[in-house]
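Breakdown of the fold
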Amino acid sequence: MMKRQLPLLLLLISTAHAQTSPMADGIHQGRAALVAGQPEQARALFTAALAQPDGNRADTAAAALGLGQSSLWLGRYAAAATAFRMARAQADDAGTQQAADTGLAQALNAQDYPRQAYALVAPFAEGQPRPTLELLRAAQSLGWQDKTPAYLQAVTPPPATGYVGTQYQLLQDDVRYALSPQLQGSFDYSHDSDNLDTYQVGASFLSAPRDNGNLMQRWGVAAGSAWVDDPSSGRQLDDVALLAQLRIADSQYIDLAPGIGRSGSWQYLQGAARWTLQTSDSFSLSAAAERAPILTDTAIQQRLIDDTYSIGVSLRPAAPWYVLPTYYRQTFSDGNHRDGGTLRVLLSPFEIPDTAAAIGAELSTRVYHSSQPSRGTYFNPAHYSSTALGLVGVYSLDPRWKLRATADAGRQNIDGAGAGVYSVNVSLEGRLPDNGRLKFQIGRSSAASDSNGGTGYWNNSLMLSISYPL
């Protein structure tokens, strides 16, 4: 979550008017309320000041800056953006314009509009810590960290205290991490009601990104092993893959992981590819393909592979809402195929005032039809559908560690038989010494997966990932 405070210097740049007036008095009182840590009172005072008829352009810009500041402090980001746009329109000098643009960029970043935020501050951020902070935040969201070194080199870093200093240090570390070669290790474990245990370990290496004009690229390699055990037998699978991450003309993103796998004498091709086109903060289009063995003992024994092809979009009808429909097709090596789709409607977490917490919501649905159902090798009904409604909670333990939890409940239908389903997941993400990263997640779900499910089914899972820059 984003701390709202802006340095009060941004509010003091429009103080050239010497005469007192009701509007000027309201501005002074609003600033005093902000200094006293009373953003609600400050917001009311700045709103009242803007309603006065006696203000000039400088007064109006100053009052709008104050209104934007107090709205940011209260987490009212849409209102803050409106106020800063008013300040931009009334600004009569470069300093006021840049202060309004910096405040607007913070409000836009808080609402997940990083392209707009980046475009606002990029022209003047060089050499200035506060706009550079918002530029770094936007670049991180967009995966544009390779564009930031010149801005970092031009700034004298602020003291690592307070909001600006702490956030600047964290984002600077994020840039260094993103621009370095990376080594990652992971461990996954799951246990379900069928007494199927799946263990997976993996390691990967990614090179530092290289920027060649309109093409950013980084390359790497990954290797892993999986063990699939049930009460009667166990299977081991090993795989290796090449990795590529590409960004083309700042709007197309490509992730590739082609590889090969082996289980005993069985060798197979596997991997994944994903292409995303993102032309704005409110729309993206993606297509993906994935090939992998089915991780059940009987499926591995029969050497079953499935290929999944999908296409989806991400839409934002309003700032807090995301609508993500996806169509997919799975083809299995036993001749079966599935046509299905998912729909997720997300409400971005809203910050809870005077806390380090935020809460949001999600509605998700899934449906598919299988051409050759119920052969007993893997979960394979003729018709499957599910709908669930859940809550999303986020809590910042401190600026470096974040706890996230989701819980949902709903209903699934398997060939006409309905049953209630639920899932709970908790994850912890944070920073390790020497700029490392850690993610830990545990969860439990009773909803069917693509290969396991049925009446009374449940699955417990655990995941740990650690990565370091080299």
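See the structure printed just above.
1. Observations concerning the layout of surface pockets
Its boundaries defined by the atoms lining it, the second largest pocket holds a volume of some 300 Å³. Considering the residues around the second largest pocket, the lining is formed by 14 residues, among which Ala272, Ala273, Arg274, Ala288 and Glu290 are closest to the centre. Where the lining of the second largest pocket is concerned, the elements lending two or more residues are strand E5 (234-248), strand E6 (252-263), strand E7 (266-280), strand E8 (283-293) and strand E9 (305-318). Residues belonging to the lining of the second largest pocket are distributed by class as follows: eight nonpolar, three polar and three charged.

2. Observations regarding the pairing of strand E12 (residues 357-370)
For strand E11 (residues 337-351) and E12, the ladder comprises twelve bridges, and the chain directions are antiparallel. Along E12, the bridge assignment pairs Gly340 with Tyr368. The hairpin turn running from E11 into E12, its antiparallel successor, is five residues long, and Asp354 in that turn takes a positive phi close to 65 degrees. Bridge analysis of E12 against strand E13 (residues 383-398) gives 13 bridges, and the strand direction is antiparallel. Opposite Tyr368, over in E13, you have Tyr384 as the bridge partner.

3. A short note on a nonpolar patch on the surface
Among the surface-exposed residues, Leu183, Phe205, Val221, Val240, Leu242, Ile260, Leu269 and Leu470 lie close enough to one another that they form a single nonpolar patch of about 730 Å² accessible area. According to the relative accessible area criterion, Phe205 is partly exposed, its value standing at 31%.

4. Let's talk about the side chain of Ser286
Mapped onto the elements of the fold, Ser286 is located in strand E8. Within the local environment of Ser286, its side chain forms a polar contact with the side chain of Arg274, the two groups lying 3.2 Å apart. When neighbours within four sequence positions are excluded, Ser286 is seen to be in contact with Arg274, Trp275, Thr276, Ser310, Ile311 and Gly312.

5. Let's talk about the nonpolar core
Tyr118, Val121 and Leu135 are the most contacted members of the largest nonpolar core, which totals 29 residues. Elements supplying a minimum of two residues to this core: helix H3 (57-73), helix H4 (77-90), helix H5 (94-110), helix H6 (114-121) and helix H7 (129-142). Per element, the largest residue contribution to this core is six residues, and it comes from H5. Once residues within four sequence positions are removed from consideration, Tyr118 is found in contact with Leu135, Ala138, Ala139, Trp144, Lys147 and Tyr151.

6. A short note on helix H1 (residues 22-35)
For H1, with 14 residues, the first-to-last C-alpha span of 20 Å sits near the 20 Å given by 1.5 Å per residue. Packing partners of the buried residues in H1 comprise helix H2 (39-50) and H3. Immediately beyond the C-terminal end of H1, within one or two residues, lies Gly37, with a positive phi of roughly 75 degrees.

About the cut-offs
Residues numbered from 1 in each chain as written. Predicted model: local features only at pLDDT ≥ 70, side-chain atom pairs only at ≥ 80, totals over all residues. Heavy atoms only, no water. 1 Å grid on protein atoms, 1.4 Å probe; cavity = no way out; pocket = protein on both sides within 12 Å on 5 of 7 lines; lining within 4 Å. Points joined across faces, edges and corners; volume = space filled by probe spheres on them. Helix = DSSP H or I, 4+ residues; strand = E, 2+ residues; numbered from the N terminus. Nonpolar A, V, L, I, M, F, W, Y, C, P; charged D, E, K, R; others polar. Pairing = 2+ DSSP bridges. Patch = residues over 30% accessible without salt bridge, like charges linked within 9 Å, V, L, I, M, F, W, Y side chains within 5 Å. Areas by Shrake-Rupley, 256 points an atom, 1.4 Å probe, with all protein chains shown as cover. Salt bridge = Lys/Arg side-chain N within 4 Å of Asp/Glu carboxyl O. Buried < 20%, exposed > 50% of the residue type's maximum accessible area, 1.4 Å probe, protein only. Polar contact = N/O pair within 3.5 Å; in protein donor to acceptor, adjacent residues only side chain to side chain. Contact = heavy atoms within 4.5 Å. Core = buried A, V, L, I, M, F, W, Y, C linked by side-chain atoms within 4.5 Å. Expected span 1.5 Å × (residues − 1).

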